[in-house]
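Spelled out, the chains give:
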Amino acid sequence: MSSIFSVLLILLPLFSSLLSSVDATSAATVTVSAPVSTSTEYTDTTDFKNAVLNGTNTYRAQHNATAVTWNQSLADYAEKWGNACIFKHSGGPYGENLASGYPNATAAVAAWGDERTHYDFAAAQFSETTGHFTQLVWKSTTSTGCSATNCEGKGDGSAPGWFVVCEYHPPGNVIGGFKQNVQSQVKEQGGDCPQGAVCAAAGTVRADVLGRWWWFGIWAVVGLLLL
């Protein structure tokens, strides 16, 4: 018995050392930076312009606003501001939306447009939570111009990845003008979101779930009648 205890006393420090080693390894933190997007919607000027206009005008059509056109003067202004790679508004004379870190320009515009789920159309007031959306679909706005700058490792770090800046003229979010300029969604204009395939797939899944519960209810009633 004493020999067993002697062996345990010898092995105990080894086990303690091994456990400490395992704990130290598992506690180590590995930081991996997300790769910067190489989407042509950022790297190709034409693709970027088309993506912005397609996304913007899809949302505008869904909210009874006419399509905006591209304004190169606004795009030049946006680029000059975006090159600073600082995520804050320029304070210029135009309406302005900012986005950073999205995989492509379409996703950046969709992030602004999807704020509509939080907008109170009845109250028709400005909110910081929905300000990107209301500017995006503002009926009186007629033109836009945007820029995309790769800000990874640049500026003050507040705009990582691709920094998208969009300017709008005439500017939206004018106090007193929300009721006339931000209208409820017109369902026949593109459904609930600009990505038609994604929306259709979501609708299919939802219908399938409801269908299963409907059949379950029928069989439950039949089972009760047979009791």
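The present account deals with the structure reproduced in this document. It should be emphasised that the depicted structure is a prediction, and the values quoted were computed from it without experimental measurement.

**Some thoughts on the state of the cysteines**
Tallied over the entire structure, the rule returns 2 disulfides. C85 shares a disulfide with C151; S-S distance 2.1 Å. One disulfide, between C85 and C151, carries an S-S torsion of -80 degrees and so falls in the left-handed class. You can see C85 sitting in the loop between α4 (72-82) and β2 (95-100) and its partner C151 sitting in the loop between β3 (143-150) and β4 (162-169), a full 66 residues away along the chain. An identical accessibility class is assigned to C85 and C151; each is buried.

**Considering the layout of surface pockets**
Put simply, the largest pocket is a space of about 310 Å³. Along the walls of the largest pocket sit 17 residues, with T45, F48, C146, S147 and A148 positioned nearest its centre. Listing elements by their share of the lining of the largest pocket, those giving two or more residues are α2 (40-43), α3 (45-62), α4 and β3. Residues that form the lining of the largest pocket fall into these classes: 6 nonpolar, 7 polar and 4 charged.

**A word on the environment of T38**
Looking at where T38 falls in the secondary structure, it is placed in the loop between α1 (2-27) and α2. Sequence spacing of T38 and N104 is 66 residues, and the spatial spacing of their C-alpha atoms is 8.5 Å.

**Comments concerning the sheet that holds strand β1 (residues 69-70)**
Strand order in the open sheet formed by 4 strands is β1-β3-β4-β2, and the pairing between neighbours is mixed. What marks the edges here is a single partner per strand, and that holds for β1 and β2. Sheet analysis places β1 next to β3, joined by 2 bridges and oriented parallel. The residue bridging T69 from the neighbouring strand is S143, located in β3.

**A short note on α4**
For the α-helix, the turn length of 3.6 residues means that residues three or four positions removed from each other point alike. L74, A75, A78 and G82 are the residues of α4 that are buried. Around the axis of α4, the buried residues are gathered within 100 degrees of arc, so they sit on the same side. Opposite its buried face, α4 presents the exposed residues S73 and K80, each directed more than 90 degrees away. Structurally, the start of α4 carries an N-cap: the backbone nitrogen of S73 is 3.0 Å from a side-chain oxygen of N71.

Conventions and cut-offs
- Residues numbered from 1 in each chain as written.
- Predicted model: local features only at pLDDT ≥ 70, side-chain atom pairs only at ≥ 80, totals over all residues.
- Heavy atoms only, no water.
- Disulfide = S-S within 2.5 Å.
- Helix = DSSP H or I, 4+ residues; strand = E, 2+ residues; numbered from the N terminus.
- Buried < 20%, exposed > 50% of the residue type's maximum accessible area, 1.4 Å probe, protein only.
- 1 Å grid on protein atoms, 1.4 Å probe; cavity = no way out; pocket = protein on both sides within 12 Å on 5 of 7 lines; lining within 4 Å.
- Points joined across faces, edges and corners; volume = space filled by probe spheres on them.
- Nonpolar A, V, L, I, M, F, W, Y, C, P; charged D, E, K, R; others polar.
- Pairing = 2+ DSSP bridges.
- Arc of directions from axis to C-beta.
- Polar contact = N/O pair within 3.5 Å; in protein donor to acceptor, adjacent residues only side chain to side chain.

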